[in-house]
Amino acid sequence: MNSLRLLSVSLMFSFSCFVSAYGQPFRQFAGAGEAGMGYACIMKSSFWASFHNPANLAGIRKITAGINYDDRYRINELGTKTAAIAVPFGKTSLGAIYSHFGYTDYSRQMAAISCGLPLSENILAGVQIDYYSEKTWGEYEDTQQITFETGLTAHLNKNVIIAIHAYNPVPQSLRKSFMPSALRAGSGIILDENVFAGAEIEMHTGSRPLLRTGIEYEALKKLFLRCGFCTENTSFSFGTGYALDFMKIDLAFSTHERLGITSSASLIFIIK
């Protein structure tokens, strides 16, 4: 039994190392709507995008809550569950998020609080404080870390948006254990009232830059179709969503050139 547990933990660490080499191992992205666009979303005004770039929280003007689940490669132990809420206070909006990745013998939990506010009519800014707790079985030591992230979104005109987001902009010399840093920069354009397209470049510690692109099309009233591409692991994605007055439902699927398909599902509740 112990040997099986040790094997399972070893597999989880191997997977974590794989993710570290090809992506952001700490911040697990969330939001099926964003997943359908290849997570090209730091410039987009939407609920889950606000937790990719806290500046976009300022665009949420109603109390909104959401839950999300990512099923990676049909392996239950690699699933990620996320819950979040955003609450406006005057011109400022506050948000909170909680995420759980893993299973009994290995898990990583993340909790954060964030704030977004307008600096001017066309410029939004935000900051988020992140807390991570990593628990493992047996002789492996549990770890806890704190960092922050910040972002800026600028509306150049009614159709063109640019944004930048920095994750963990803290020198590694100030940390006891390694935590990667990341920088994302992107732009989006509203082609007409039914089509939004975005692209961004992401760079993180120890990895080559990667490109994300995505398109969202409102095919019918309140029915959305999405597709995206990311150069990381040559990942293609597609998804759909439907918006009611009080709720939004999103589904997405993204590919991995070696590991298979990740499916994502989100529910967003709007409290007027």
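Conventions used here
- Residues numbered from 1 in each chain as written.
- Predicted model: local features only at pLDDT ≥ 70, side-chain atom pairs only at ≥ 80, totals over all residues.
- Heavy atoms only, no water.
- Phe/Tyr/Trp six-rings, centres within 6.5 Å; stacked < 30°, edge-to-face > 60°.
- Lys NZ or Arg CZ within 6 Å of the ring centre and 35° of its normal.
- Core = buried A, V, L, I, M, F, W, Y, C linked by side-chain atoms within 4.5 Å.
- Buried < 20%, exposed > 50% of the residue type's maximum accessible area, 1.4 Å probe, protein only.
- Helix = DSSP H or I, 4+ residues; strand = E, 2+ residues; numbered from the N terminus.
- Contact = heavy atoms within 4.5 Å.
- Pairing = 2+ DSSP bridges.

Chemist: Describe in detail the packing of aromatic side chains, supporting the description with residues and values.
Modeler: Counted under the stated rule, the structure contains 6 aromatic pairs. Each residue in the set Phe47, Trp48 and Phe51 is aromatic and connected to the rest through ring pairs, giving one cluster. A cation over an aromatic ring shows up here: Lys44 above the ring of Phe196, its NZ or CZ 6.0 Å from the ring centre.

Chemist: Mind laying out the nonpolar core, listing which residues take part and the relevant values?
Modeler: Grouped together as the largest cluster of nonpolar side chains are 16 residues, with contacts concentrated most on Phe47, Trp48, Phe51, Ala84 and Ile97. For this core, the secondary-structure elements that each account for two or more residues are strand 2 (80–89) and strand 4 (106–118). Each residue touching Trp48, except ones within four places of it in the same chain, is listed here: Ala30, Gly31, Glu34, Gly66, Ile67, Asn68, Thr82, Ala83, Ala84, Ile97, Ser266 and Ile268.

Chemist: If you had to explain the pairing of strand 4 to someone new, which residues and values would you point to?
Modeler: Judged from the 11 bridges that link them, strand 3 (residues 92–103) and strand 4 form a sheet pairing that is antiparallel. Across the sheet, residue Ala96 finds its bridge partner in strand 4, namely Ile113. Connecting strand 3 to the antiparallel partner strand 4 that follows it, the hairpin turn spans 2 residues. One ladder, built from 13 bridges, connects strand 4 with strand 5 (residues 123–136); its direction is antiparallel. Each residue of the ladder has a partner; that of Pro118, found in strand 5, is Leu124. Here strand 4 folds back onto strand 5 in antiparallel fashion, the turn holding 4 residues.

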